[in-house]
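Summary of structural features
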Amino acid sequence: EGFESKYKFYDKRVPIADDNPAVHFDETKCKNCTLCRRACETTQTVLDYYSLERTGDVPVCVHCGQCANACPFGAMMEVDDTNLVKAAIADPDKVVVFQTAPAVRVAIAEEFGAEAGTFAQGKMISALRALGGDYVFDTNFGADMTIMEETSELVRRITTGNFAMPQFTSCCPAWVEFAETFYAEYIPHLSSAKSPILMQNTTEKIWFAEKAGIDPKKMVTVCVTPCTAKKAEIKRKELNAAAEYWHIDGLKDSDICITTRELARWLKAENIDFNTLDDGIFDSHLGEASGGGIIFGSTGGVMESALRSAYYFYTGKPMPAEYIPYEPVRGLDGVKEATIDFSGISLHVAVVSGLGNARRFLDKIMADGTFKDYTFIEFMACQGGCINGGGQPKVKMPLVQ
Ligand code: SF4
């Protein structure tokens, strides 16, 4: 009651609030095709699954951006935060520190005519420098930190038996919001590790600021991601480690998040010819990363990285070569499962991408009593993982139901 009058396009589009940090709606461009609504309701199972009594008539959005990705008319769009970055670059007092998530470098070139999947890391780095970035770091360094934290926690859960099992991944902010909204009783199963971007931003604002002699109040951290949910994640009030460390009220770990699509539009507006740029290299302090970091961009990547590290932590030996790449958790299926022998104990793991798949999978394993048989479950909100994030170029892959 009250819902349809307040959100008059309820039958046609996703009812998002005006202050949504990730996506916004331009009514004048809407052709009522309902693709955004179907992405939210059917593919992601968010719309129609929440109770208005519980939310006080406020639409629930987990900020995955799949509505914006589905909209062919530019009516449902990511919130454009490039003006904030431009203002920071134009301010001579500010030091702008970019970091780039793994899935951006294999998608940005598509916006400039290249085939999907073209690896353009070097040109992406040069583009960010051409736009005025002072430093460009690789989020893969943050992904390595996430894996060290998440894996240590997993081994602790396995060996002590004192914590909730199975452990769920926590690096996808839309999945975390989905779990908090619909499966709050399972919050103890979420890993306590922050996402790679947040770990890296904190490292930049604390360790790098100190090492490079940069006043943290003057540093502006900008993440370039495939993900609209990161725009909401960086606003979470508990993510303020730098403020605590430096004793500066209001200092944020992460200042701005822009998506692959925003970066491409900005480059085009500046007439920067992406295809003729030289190949740049990341700044060195936080630029080196393992191969485990880069596979975070695809579904199963977090799981594979975690299993490699967990095997080493648990057995004291590197994972046997025949397990790498760990094929059972690769590929684009919505749900993948595997059992791996950890020197005498069996770990049963699952990899789930797409929130609709997550809901069906969780409901199933709770109903059939197999929930307790799992050791570790990776959940990513977007089908196929971050490569199909809400801020990526709008080239459709088949939806997995
Ligand atoms: Fe963002 Fe990746 Fe999660 Fe999609 S799967 S919401 S792109 S972190």
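Figured I'd write up the structure that's included with this text.

What counts and how
Residues numbered from 1 in each chain as written. Predicted model: local features only at pLDDT ≥ 70, side-chain atom pairs only at ≥ 80, totals over all residues. Heavy atoms only, no water. Helix = DSSP H or I, 4+ residues; strand = E, 2+ residues; numbered from the N terminus. Contact = heavy atoms within 4.5 Å. 1 Å grid on protein atoms, 1.4 Å probe; cavity = no way out; pocket = protein on both sides within 12 Å on 5 of 7 lines; lining within 4 Å. Points joined across faces, edges and corners; volume = space filled by probe spheres on them. Nonpolar A, V, L, I, M, F, W, Y, C, P; charged D, E, K, R; others polar. Buried < 20%, exposed > 50% of the residue type's maximum accessible area, 1.4 Å probe, protein only. Patch = residues over 30% accessible without salt bridge, like charges linked within 9 Å, V, L, I, M, F, W, Y side chains within 5 Å. Areas by Shrake-Rupley, 256 points an atom, 1.4 Å probe, with all protein chains shown as cover. Salt bridge = Lys/Arg side-chain N within 4 Å of Asp/Glu carboxyl O. Axes fitted to C-alpha atoms, helices over the stretch in contact; angles between N-to-C directions. Parallel < 35°, antiparallel > 145°, perpendicular 65-115°, else oblique. Left-handed = near helix turned anticlockwise from the far one by under 90°.

Thoughts on the environment of A358
Relative to the elements of secondary structure, A358 occurs in helix 15 (residues 355-367). C-alpha of A358 to C-alpha of F178: the two residues are 180 residues apart in sequence and 9.5 Å apart in space. Not counting residues within four places of it along the chain, the set of residues in contact with A358 comprises W175, V352 and F379.

Looking at the layout of surface pockets
There is about 360 Å³ of room inside the largest pocket. Those elements giving two or more residues to the lining of the largest pocket turn out to be helix 8 (173-182) and helix 10 (229-233). In terms of residue count, the dominant contributor to the lining of the largest pocket is helix 8 (4 residues). Across the lining of the largest pocket, the residue classes tally to 8 nonpolar, 5 polar and 7 charged.

Some points on helix 8
Burial analysis of helix 8 places 8 of its 10 residues in the buried class, which makes it a mostly covered element. Those residues of helix 8 not exposed but buried are P173, A174, W175, V176, E177, F178, A179 and F182.

Focus on a nonpolar patch on the surface
Together, M148, Y312 and F313 line one region of the surface with nonpolar side chains, adding up to about 290 Å² of accessible area. Secondary-structure assignment places M148 in helix 7 (residues 139-160). Among the residues examined, M148 registers a relative accessible area of 43% and is labelled partly exposed.

Topic: the packing of helix 8 against helix 15
One can describe the packing of helix 8 onto helix 15 by two numbers: an axis separation of 11 Å at closest approach and a directional angle of 45 degrees. Relative to helix 15, the element helix 8 lies oblique. The handedness of the crossing between helix 8 and helix 15 is right-handed. Taking contact as the criterion, the partners of A174, W175, F178 and F182 in helix 8 are, on helix 15, L355, A358, R359 and L362.

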